[in-house]
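Observations on chain architecture
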Amino acid sequence: MSAEPIKGPASYFPSIEKTYGRPIGEWQEIVRKRLPAKHMDLVAMLKADHGMGHGHANAIVAHVLAAERR
């Protein structure tokens with residue numbers, strides 16, 4: 001029996017860690033420290049301040065904001 005494949009924003013996390021050299025928890029904390037802020041403002045911050053690609057930045061922001069809504 002195989003594990004359920006990871007879907008949604010979290011599916012990007014291994015690639016984000018490998019590409020940018022930081023654990024996903026650090027990226028999530030960077031985003032949380034900027035709350036409350038708009039989704040696209042947070043994406044723009046990750047891109048401008050940390051050189052992150054749009055898809056990776058969007059995945060982190062979407063995951064953090066979804067967790068904050070719970």
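The structure this text deals with has already been given above.
Presented here is an overview of the structure given in this document. Computed from a prediction, not measured in an experiment: that's the story for all the values here.

A look at the nonpolar core
Grouped together as the largest cluster of nonpolar side chains are 18 residues, with contacts concentrated most on I16, W27, V31, L46, M52, I60 and V61. Looking at this core, the element that brings in the most residues is helix α4 (residues 54-69), giving six residues. With residues up to four places along the chain from it excluded, the contact list for W27 reads I16, Y20, R22, L46, H50, M52 and I60.

A word on the packing of helix α2 (residues 24-33) against helix α3 (residues 39-50)
Axes are the key here: two packed helices are described by the angle between their axes and the distance separating the axes. It is at 10 Å that the axes of α2 and α3 come closest, and there the two elements cross at 120°. Here α3 runs oblique to α2, going by the angle between their axes. For the pair α2 and α3, the crossing hand works out as right-handed. Side by side, α2 and α3 meet where W27, I30 and V31 of the first sit next to L42, M45, L46 and H50 of the second. By residue class, the composition of the contact of α2 with α3 is six nonpolar, one polar and no charged.

Brief notes about the environment of E17
Relative to the assigned elements, E17 resides in helix α1 (residues 13-20). Sequence-wise, E17 and H56 are 39 residues apart; in three dimensions their C-alpha atoms are separated by 10.0 Å. A distance of 2.8 Å separates a polar side-chain atom of E17 from the backbone nitrogen of I24.

Observations concerning the packing of aromatic side chains
This structure, assessed with the given rule, holds one aromatic pair. Both rings, one in Y20 and one in W27, keep their centres 6.1 Å apart while their planes meet at 80°; by these two values the pair is edge-to-face. The ring centre of W27 lies 4.9 Å from the NZ or CZ of R22, which sits over that ring.

A few points about the side chain of H56
Looking at the element boundaries, H56 is found in helix α4. Since its relative accessible area comes to 14%, H56 is described here as buried. There is a polar contact of 3.3 Å between the side chain of H56 and the side chain of Y20. In contact with H56, other than residues within four places in its own chain, are Y12, S15, I16, T19 and Y20.

Rules used throughout
Each chain has its residues counted from 1, following the order in which its sequence is written. pLDDT decides what is reported in this predicted model: residues at 70 or higher carry local features, side-chain atom pairs at 80 or more are listed and counted, and totals for whole chains, interfaces and linings draw on all residues regardless. As a rule here, side-chain values come from all non-hydrogen atoms in the structure, and water together with hydrogens is ignored. What is meant by a nonpolar core is a set of buried Ala, Val, Leu, Ile, Met, Phe, Trp, Tyr and Cys residues, joined one to another through side-chain atoms within 4.5 Å. A 1.4 Å probe rolled over the protein chains alone gives each residue an accessible area, and that area as a share of the maximum for its type sets the label: buried under 20%, exposed over 50%, partly exposed in between. Secondary structure elements follow DSSP: runs of H or I of four or more residues count as helices, runs of E of two or more count as strands, with numbering from the N terminus. Contact criterion: two residues are considered in contact whenever any of their non-hydrogen atoms come within 4.5 Å of each other. Only the stretch in contact is used when fitting a helix axis, every axis being a line fitted to C-alpha atoms; angles between N-to-C directions are given from 0 to 180 degrees. Oblique is the label for every angle not falling under 35 degrees (roughly parallel), over 145 degrees (roughly antiparallel), or within 65 to 115 degrees (roughly perpendicular). Handedness of a crossing follows from how the near helix is turned relative to the far one, being left-handed for an anticlockwise turn of less than a right angle and right-handed for a clockwise one. Under this grouping Gly is polar, as are all residues other than the nonpolar Ala, Val, Leu, Ile, Met, Phe, Trp, Tyr, Cys and Pro and the charged Asp, Glu, Lys and Arg. A 3.5 Å cut-off defines polar contacts: any pair of N or O atoms within that distance qualifies, except that in protein one atom must be a possible hydrogen donor and the other a possible acceptor, and neighbouring residues in sequence count only when both atoms are side-chain atoms. Pairs were defined over the aromatic rings of Phe, Tyr and Trp, the Trp ring being its six-membered one, requiring ring centres within 6.5 Å. Orientation was assigned from the angle between planes: stacked under 30 degrees, edge-to-face over 60, tilted for the rest. A positively charged side chain is recorded as over a ring if its NZ (Lys) or CZ (Arg) lies within 6 Å of the ring centre. The angle to the ring normal must also be within 35 degrees.

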